[in-house]
Amino acid sequence: MRQVLRVVEVRWAAASLAAFVVAVMLGLVGAPSPVTVAAYLVCYLAGGWEPALEGLRALLARRLDVDLLMIVAAVAAAAIGQWFDGALLVVIFATSGALEAVMTARTRASITALLDITPDTATVLDPTDGDDAGDIEREIPALELVAGQEVLVRPGERIPGDGRVVDGVSEVDTAGLTGEPVPVRRGVGDEVLAGTVNGTGVLRVRVLRDAADTVVAGIAAQVERAAETKARRQLFIERVEARYSVLVVVATLALLVEPLLVGAAFTPTLLRAMTFMIVASPCAVVLATMPPLLAAVAVAGRRGTLVKDVTVIEALADIDTVALDKTGTLTTGRPQVTSITALGSADRDAALVIAAAAEAGSEHALGQAVRRHAVAVGLDMRSAQEFTAVPGEGVRARVDGSEVLVGRPQLLAKPDPDIDAMVAQLQDDGHTAVLVIIDGEAAALVGLSDKPRPGAADAVRALGQEIGTEPEILTGDAARPAAVLADQVGVHRVHADLLPADKVAVIRRHQSSGRRVLAVGDGLNDSPLLVAADVGLVVGDAAGGGAGALTVQAADGVLTRDPLGALAPLVTLARRARRIARVNLAFAAAVIVGLAAWDLLDTLPLALGVAGHELSTVIVCLNGLRLLTSPRSTSPTPTATSAQTADTPIVTSARTAAEEGRFTSTSRR
């Protein structure tokens, strides 16, 4: 209650209601008329000044606003002595506006919660001239952190910026950002996110992003935009409202002027015209769509899914196809190195050191796994220059003067039958093969393996039941490891060996057949996929250090906890919000038609018209807000498809797809 009263609109509505109650009581006890009128005037001013101001601003912009119609009707009622009826209109109108303000405030609360998890200050380490002098510590506002600075994070402190650990080992609690209850071990080479809590160790972190570009700041900005953006249906309603309001005014004037021209009494004619203007005004229609959609945004945020705007909720309700990335989306995003094979005359450890140096700037889970393994076995780290990430292929860099490529085996200029055989064996075992190339010569072949996310199979099945078709896997990995993972999670349609452009081509093909596609990915290479889909969601949990800033920017939303498990409830929530919006529109239209017909065909008392019209507005608003207070789960009925009844995954690689005339590209790592 205390938080509700902090909303300005609530306080003014409460003041208007209090003055209305006082005025009614004064009238009942026979108080002098000036005293009663004074109480009604307080009611009018407290509840009507803001709608009147907004209405006048709209009028100056050559728009006829519903707010102004309500205030005109209330003033007209007072002008003929109907103070009670006019005040009742003001009170109910102010109350409905206060409810909308409360709803908006609740959606913005998630922004405040996100921003509050970041610390106010950061301890920056400035190097000194002397080798043994140590670093100088200085405290600066966390908002002033820039990429390249190094910060000291002591036990129990919040990490002030997105960065990479350069010294120390600790357990990092990510629950405030991702909802993950178990702290994650972080050591040299691992990424950490702003707002997460350091455990018992001391960490030295090199900041990777400016404060304004951190993941938490980006997510907060997304939530803020969501509260400010209007749905497509809402924009259509508001365009119609502008023209409809003019028609209401014209009809009101006709109801007033025509009877007076034939000798009708002024007061009852004015009352009837004002009653018509009130009951025909589209207040409830205007509020029919946004409350359920904004409530859905707020509920999704509480569940760990932060969307950019309400249009995402609208689009999610229409989804009938889901495309899932593999590494970091269906899997934990923490692959482990399972084997390292030296090739040619290369030394195994030397090749691993060079590969780890080249991968230092990579955001890809496979690259981070290579670097973690090198650190774990105690190898000395080196620095790399001229680093370039090639989405879908790997990384290029210069290490100790040598040109290094780390990525998919097809990067090797000249095919080697022996290497091809080793790659095929790794893939048959369900592992991903990564080739290390130094100065054009193959130096090492690295095998990596990742595990499915806990509960992935159940989450995929629930998602398939909700949308009516089984999700598909789109991956740059080879066909065999992709098929092994697909079998583990229960997916029977897999597109493997895909470059980012190939993934987009799959999405476009679905869309050309009239399907609405939801795509889920986690890395920089998934950005084109997320942009191409009708809805693109990025996995932003802490498993792999969080989504990159560019990927977050490309996506329509961020899955900050239980990425797979959140998908089916998210689609269910969006469809429920759409159903509520449709019910609201039908109800609001029925009330307007019913009350307007009553007033035209018979005599509708002004008080009853006010109560019926404004009560419908309140009901519509509350009906939308009930998503905030009574979230529920559904158990959709499974829909059998030919793909779902297959015993083995249907795997389409870029090679076979090219033979079918669909793609011409090859694989990525």
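Residues numbered from 1 in each chain as written. Predicted model: local features only at pLDDT ≥ 70, side-chain atom pairs only at ≥ 80, totals over all residues. Heavy atoms only, no water.

Draft legend 1. How the structure looks around a nonpolar patch on the surface. There is a patch of nonpolar side chains on the surface, built from Leu-17, Val-21, Met-25, Leu-28 and Val-29 and spanning about 510 Å² of accessible area. In this fold, Val-29 is placed in the loop between helix H2 (8-28) and helix H3 (33-60). Taking relative accessible area as the criterion, Val-29 reaches 64% and is therefore assigned exposed. (Patch = residues over 30% accessible without salt bridge, like charges linked within 9 Å, V, L, I, M, F, W, Y side chains within 5 Å. Areas by Shrake-Rupley, 256 points an atom, 1.4 Å probe, with all protein chains shown as cover. Salt bridge = Lys/Arg side-chain N within 4 Å of Asp/Glu carboxyl O. Helix = DSSP H or I, 4+ residues; strand = E, 2+ residues; numbered from the N terminus. Buried < 20%, exposed > 50% of the residue type's maximum accessible area, 1.4 Å probe, protein only.)

Draft legend 2. How the structure looks around helix H15 (residues 365-376). Compared with the 16 Å implied by 1.5 Å per residue over 12 residues, the 16 Å span of H15 between its first and last C-alpha is a close match. Among the 12 residues in H15, 9 count as buried, and that is most of the element. Taken residue by residue, H15 has Ala-365, Leu-366, Gly-367, Gln-368, Ala-369, Val-370, Arg-371, Arg-372 and Ala-374 as its buried positions. Here the buried face of H15 lies against strand E7 (191-192), helix H13 (326-330), strand E12 (336-342), helix H14 (348-358), strand E16 (432-438) and strand E17 (441-449). With its phi angle positive at about 85°, Gly-378 sits one or two positions after the end of H15. (Expected span 1.5 Å × (residues − 1). Contact = heavy atoms within 4.5 Å.)

Draft legend 3. Main features of the confidence of the model for the protein. Here the protein shows a mean pLDDT of 79. Residues at 70 or above account for 81%. Looking over the protein, one finds the lowest element-wise mean pLDDT in helix H24 (residues 654-659), namely 42, and the highest in strand E11 (residues 321-324), namely 93. In this model residues 542-547 is a low-confidence stretch, pLDDT under 50, and it forms 22 contacts with partners more than four residues away in sequence or in other chains. Scored below 50 in pLDDT, residues 631-648 makes 22 contacts in the model with residues more than four places away or belonging to other chains. (pLDDT = per-residue confidence, 0-100.)

Draft legend 4. Expanded view of the nonpolar core. In this structure, Leu-518 and Leu-567 are the most contacted members of the largest nonpolar core, which totals 53 residues. When sequence neighbours within four positions are dropped, the list of residues in contact with Leu-567 reads Leu-324, Leu-463, Leu-518, Val-520, Leu-537 and Leu-559. Judged by nonpolar contacts, the second largest core, of 39 residues, contains Ala-76, Leu-270, Ala-273 and Ala-280. (Core = buried A, V, L, I, M, F, W, Y, C linked by side-chain atoms within 4.5 Å.)

Draft legend 5. Summary view of the UniProt feature "transmembrane region" (unreviewed entry) in the protein. As recorded in UniProt, the feature "transmembrane region" (unreviewed entry) lies at residues 12-29, 242-267, 273-299, 580-598 and 604-625. As annotated, residues 273-299 has a helix share of 81% and a strand share of 0%, and its two end C-alpha atoms lie 42 Å apart. Helix makes up 100% of residues 580-598 and strand 0%, and the two end C-alpha atoms of the span are 27 Å apart. (UniProt positions renumbered as here; feature names shortened; annotations may be inferred.)

Draft legend 6. Representation of the packing of aromatic side chains in the model. In this structure the tally under the stated criterion is 5 aromatic pairs. Pairwise contacts between aromatic rings join Phe-20, Tyr-40, Tyr-44, Trp-83 and Phe-84 into one cluster. (Phe/Tyr/Trp six-rings, centres within 6.5 Å; stacked < 30°, edge-to-face > 60°.)

Draft legend 7. Layout of the sheet that holds strand E5 (residues 170-173). Read across the open sheet, the 3 strands follow the order E6-E5-E8; overall the sheet is antiparallel. On the outer flanks of this sheet lie strand E6 (184-186) and strand E8 (197-198), each paired with one strand and no other. Relative to E6, E5 runs antiparallel, the two being bridged by 3 bridges. By the bridge assignment, Ser-170 is partnered in E6 with Arg-186. (Pairing = 2+ DSSP bridges.)

Draft legend 8. How the structure looks around unusual backbone geometry. Not every positive phi belongs to a glycine, and Asp-400 is a case in point at roughly 50°. Within the secondary structure, Asp-400 sits in the loop between strand E14 (394-399) and strand E15 (402-407). In this structure Asp-400 comes out as exposed when scored by relative accessible area, which is 52%.

Draft legend 9. Layout of the pattern of salt bridges. Taken as a whole and assessed by the stated rule, the structure comprises 15 salt bridges. Put simply, Arg-154 and Glu-137 hold a salt bridge, and the shortest N to O gap is 2.7 Å. Placement of the pair is Arg-154 in the loop between strand E3 (150-153) and strand E4 (163-167) and Glu-137 in strand E2 (residues 135-141), with a sequence separation of 17 residues. Overall, the relative accessible area of 44% leaves Glu-137 in the partly exposed class.

Draft legend 10. Representation of the pairing of E3 within the structure. Burial along E3 is two-sided: Glu-150 and Leu-152 facing one way and Val-151 and Val-153 facing the other are all buried. When E3 meets strand E9 (residues 203-207), the two strands line up antiparallel, connected through 4 bridges. Within the sheet, the bridge partner assigned to Glu-150 lies in E9 and is Arg-206.

Draft legend 11. Geometry of the packing of helix H11 (residues 290-302) against helix H12 (residues 310-317). Where H11 meets H12, the axes come as close as 9 Å, and the angle between the chain directions of the two elements is 95°. Taken together, the axes of H11 and H12 lie roughly perpendicular to each other. Together, Met-290, Leu-293, Leu-294, Ala-296 and Val-297 of H11 and Val-310, Ile-313 and Glu-314 of H12 make up the contact between the two elements. (Axes fitted to C-alpha atoms, helices over the stretch in contact; angles between N-to-C directions. Parallel < 35°, antiparallel > 145°, perpendicular 65-115°, else oblique.)

Draft legend 12. Region of the structure containing the environment of Leu-26. Structurally, the position occupied by Leu-26 is in helix H2. For the pair Leu-26 and Ala-39, spaced 13 residues apart in sequence, the C-alpha separation works out to 8.5 Å. Setting aside residues no more than four positions away along its own chain, Leu-26 makes contact with Ala-31, Val-35, Thr-36 and Ala-39.

Draft legend 13. Region of the structure containing the pairing of E11. Going residue by residue along E11, you find Thr-321 and Ala-323 tucked away on one face and Val-322 and Leu-324 tucked away on the opposite face as well. Where E11 lies against strand E20 (residues 517-521), 4 bridges are found, and the strand directions are parallel. By the bridge assignment for E20, Leu-324 is matched with Val-520. Judged from the 2 bridges that link them, E11 and strand E18 (residues 472-474) form a sheet pairing that is parallel. Bridging across to E18, Ala-323 finds its partner in Glu-472.

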